[in-house]
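The chain contents come next:
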Amino acid sequence: MLDNHRTSSTAILPEARRGVPCRPAEARRTVQRVVTERCRARALPCAPEVVEDALLVTSELTTNALLHGGGITGFDVDVDSGGVRVSVSDRSDELPVAVRTGDEHASARPGGRGWPIVCRLARDVRVAELPRGGKCITAVVPLH
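To keep things clear, this report deals only with the structure shown in the data block. (Residues numbered from 1 in each chain as written. Predicted model: local features only at pLDDT ≥ 70, side-chain atom pairs only at ≥ 80, totals over all residues. Heavy atoms only, no water.)

**Topic: the pairing of strand β3 (residues 124-129)**
Here is step 1 of the chain: Alignment of β3 against strand β4 (residues 135-141), held across six bridges, turns out to be antiparallel. Each residue of the ladder has a partner; that of V127, found in β4, is I137.
Here is step 2 of the chain: Hairpin geometry of β3 and β4 is characterised by an intervening segment of five residues between the two adjacent antiparallel strands and by a positive phi of about 100° at G133. (Pairing = 2+ DSSP bridges. Helix = DSSP H or I, 4+ residues; strand = E, 2+ residues; numbered from the N terminus.)

**Thoughts on the packing of helix α1 (residues 24-41) against helix α2 (residues 48-68)**
Here is step 1 of the chain: Direction vectors running N to C along α1 and α2 enclose 150°, while the axes themselves pass 9 Å from each other. Of the possible angle classes, the one that applies to α1 and α2 is roughly antiparallel. Where α1 crosses over α2, the handedness of that crossing is right-handed. Facing P24, A27, R28, V31, Q32 and V35 of α1, the residues of α2 in contact are V51, A54, L55, T58, S59, T62, T63 and L66.
Here is step 2 of the chain: Grouping the constituent residues of the contact of α1 with α2 by class yields eight nonpolar, five polar and one charged. (Axes fitted to C-alpha atoms, helices over the stretch in contact; angles between N-to-C directions. Parallel < 35°, antiparallel > 145°, perpendicular 65-115°, else oblique. Left-handed = near helix turned anticlockwise from the far one by under 90°. Contact = heavy atoms within 4.5 Å. Nonpolar A, V, L, I, M, F, W, Y, C, P; charged D, E, K, R; others polar.)

**Topic: the nonpolar core**
Grouped burial of nonpolar side chains is what soluble globular proteins tend to show.
Here is step 1 of the chain: Membership of the largest hydrophobic core comes to 28 residues, with the highest contact counts inside it found for V31, L61, V84 and V86.
Here is step 2 of the chain: Going through the elements one at a time, α1, α2, β1 (72-80), β2 (83-90), α3 (114-121) and β4 are the ones with two or more residues in this core.
Here is step 3 of the chain: Dropping the residues within four chain positions of it, V31 is found in contact with A54, L55, T58, F75, V77 and V86. (Core = buried A, V, L, I, M, F, W, Y, C linked by side-chain atoms within 4.5 Å. Buried < 20%, exposed > 50% of the residue type's maximum accessible area, 1.4 Å probe, protein only.)

**A word on the sheet that holds β3**
Here is step 1 of the chain: The strand order across the open sheet built from four strands is β1-β2-β4-β3, with neighbouring strands paired in antiparallel fashion. Each end of this open sheet is capped by a strand with a single partner; those strands are β1 and β3. Taken over all neighbouring pairs, the strand axes of this sheet differ in orientation by 15° on average, direction set aside.
Here is step 2 of the chain: Here β2 pairs with β4 via seven bridges, running antiparallel. Its bridge partner being in β4, V88 is matched across the sheet by I137.
Here is step 3 of the chain: Most of the contacts of α1 go to β1, to which it runs at about 20°, and overall it touches β1 and β2.

**Examining the environment of A139**
Here is step 1 of the chain: Position of A139 relative to the elements: it lies in strand β4.
Here is step 2 of the chain: As for A139 and V84, which are separated by 55 residues in sequence, their C-alpha atoms are 8.1 Å apart.
Here is step 3 of the chain: When near neighbours in sequence (up to four residues on either side) are disregarded, A139 contacts V57, L61, V84, R85, V86, V118, A122, D124 and V125.

**Re the side chain of S92**
Here is step 1 of the chain: Residue position: S92 is located in the loop between β2 and α3.
Here is step 2 of the chain: Setting aside chain neighbours within four positions, we find S92 in contact with H68, G69, G134 and K135.

**Digging into the state of the cysteines**
Here is step 1 of the chain: Counted by the stated rule, this structure contains zero disulfides.
Here is step 2 of the chain: Not engaged in a disulfide, the cysteine C39 finds its nearest cysteine sulfur in C46; these two sulfurs lie 3.4 Å apart.
Here is step 3 of the chain: Judged by its relative accessible area of 7%, C39 is buried. (Disulfide = S-S within 2.5 Å.)

**Description of the pattern of salt bridges**
Here is step 1 of the chain: Tallying each qualifying case throughout the model produces six salt bridges.
Here is step 2 of the chain: As a salt-bridge pair, E26 and R23 come within 3.5 Å of each other at their nearest N and O atoms.
Here is step 3 of the chain: By relative accessible area, which is 24% here, E26 ends up partly exposed.
Here is step 4 of the chain: Between D78 and R42 there is a salt bridge; the shortest N-O distance is 3.5 Å. (Salt bridge = Lys/Arg side-chain N within 4 Å of Asp/Glu carboxyl O.)

Shown next, in the form of structure tokens:
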């Protein structure tokens, strides 16, 4: 895992300071608001497909933090010319794992498809250990 990975942006909108979202829907609303405001303020192109991809990545990361990571302990979103950067922290040190498609038991279990979706939609996905335990996953969804 990466030791030197920045997990927060230097500019945080007042809405993002309200606290860590407890549910994926709250996180998606925050991402929608931040992307809209930052793209407008920075005159960045932001196609509806990019927003949809960023919302899906957000949903998957926050859902995984709740189901497998002991809860969401940190959340950040930023937009720059490189893309929409979403970071989600949780309490678990376990790395995300994709379910193998040939696993006969995988079809009987729900889930296991979120991590491949995140990896497919995001250009850059990083997992960083946190100093007090847990991890932060950061995914960048490109603007074009």
